[in-house]
Amino acid sequence: QVQLVESGGGLVQAGGSLRLSCAASGRTFSGYAMAWFRQAPGKERDFVAAISWSVGNTYYADSVKGRFTISGDNAENTVYLQMNSLKPEDTAVYYCAADPLLFWNSIPSRKFNTYNYWGQGTQVTVSS
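Residues numbered from 1 in each chain as written. Predicted model: local features only at pLDDT ≥ 70, side-chain atom pairs only at ≥ 80, totals over all residues. Heavy atoms only, no water.

A. Expanded view of the pairing of strand β1 (residues 3-7). Here β1 shows a clear split, with L4 and E6 buried on one side and none of Q3, V5 and S7 buried on the other. Note that β1 and strand β3 (residues 18-25) share five bridges and pair antiparallel. Pairing of Q3 across the sheet is with S25, part of β3. (Buried < 20%, exposed > 50% of the residue type's maximum accessible area, 1.4 Å probe, protein only. Helix = DSSP H or I, 4+ residues; strand = E, 2+ residues; numbered from the N terminus. Pairing = 2+ DSSP bridges.)

If you want it as structure tokens, here you go:
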């Protein structure tokens, strides 16, 4: 049974940094896409970043490109999201998601409804 557990959220001032962690368990994640999404109150769940677990390729939403970095630690089965230069508009609940890729070199989906496995979410609040 796949389990994803996020941690690392909190309150930070604009311009600050946070690192989110997603501890994955229940299987090996070779051939999986691991992604971060976020959802602000009253808004849809939006794509933030994704990584192809086997290949290591990374993908970002335009709104976070250059500020956020997604990475994975195979030994720890953990995915990280390093968030720098945070803005008030980054305030949201951040969710870790996972789903198997069709092929080992497929590009991860940016649509939340294509991911089958989700964590419980962690709140990130950026004050101005």
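Having seen the structure, we can now continue with the description.
B. Spatial organisation of the pairing of β3. Bridging between β3 and strand β8 (residues 78-83) involves six bridges; their strand directions are antiparallel. In the sheet register, R19 faces β8, and the bridge partner there is Q82.

C. Structural context of the state of the cysteines. Counted according to the given criterion, the structure contains one disulfide. Sulfur-sulfur distance for the disulfide between C22 and C96 comes to 2.0 Å. On the S-S bond that ties C22 to C96, the torsion sits near -75 degrees, and the link is left-handed. Within this pair, whereas C22 is found in strand β3, its partner C96 is found in strand β9 (residues 92-100), the two being separated by 74 residues in sequence. (Disulfide = S-S within 2.5 Å.)

D. Quick peek at the sheet that holds β1. Pairing is antiparallel in the open sheet, where four strands are placed in the order β1-β3-β8-β7. For this open sheet the edge positions go to β1 and β7 (68-73), each flanked by a neighbour on one side alone. Averaged over all neighbouring strand pairs, the angle between strand axes comes to 15 degrees, with direction disregarded. (Axes fitted to C-alpha atoms, helices over the stretch in contact; angles between N-to-C directions.)

E. Looking closely at the nonpolar core. Within the largest apolar cluster, 39 residues are counted, with the highest numbers of intra-cluster contacts made by M34, W36, L81, M83 and Y94. Mapped onto this core, the elements with two or more residues apiece are β3, β4 (32-39), β5 (46-52), β6 (58-60), β7, β8, β9 and β11 (122-127). The element best represented in this core is β4, accounting for six residues. Among all residues touching M34, those that are not within four sequence positions of it are L4, A24, F29, A49, A50, I51, W53, I70, V79, A97 and A98. (Core = buried A, V, L, I, M, F, W, Y, C linked by side-chain atoms within 4.5 Å. Contact = heavy atoms within 4.5 Å.)

F. Main features of the pattern of salt bridges. A complete count under the given rule lists three salt bridges for this structure. Residues R38 and D90 are paired through a salt bridge, measuring 2.9 Å at the closest nitrogen-oxygen approach. Of the two residues, R38 sits in strand β4 while D90 sits in the loop between β8 and β9, which places them 52 residues apart along the sequence. We classify R38 as buried; its relative accessible area is 13%. The partner of D90 in a salt bridge is R67, with the nearest N and O atoms 2.7 Å apart. In this pair, D90 is assigned in the loop between β8 and β9 and R67 in the loop between β6 and β7, connecting sequence segments 23 residues apart. You'll find D90 and R67 in the same group, each marked buried. (Salt bridge = Lys/Arg side-chain N within 4 Å of Asp/Glu carboxyl O.)

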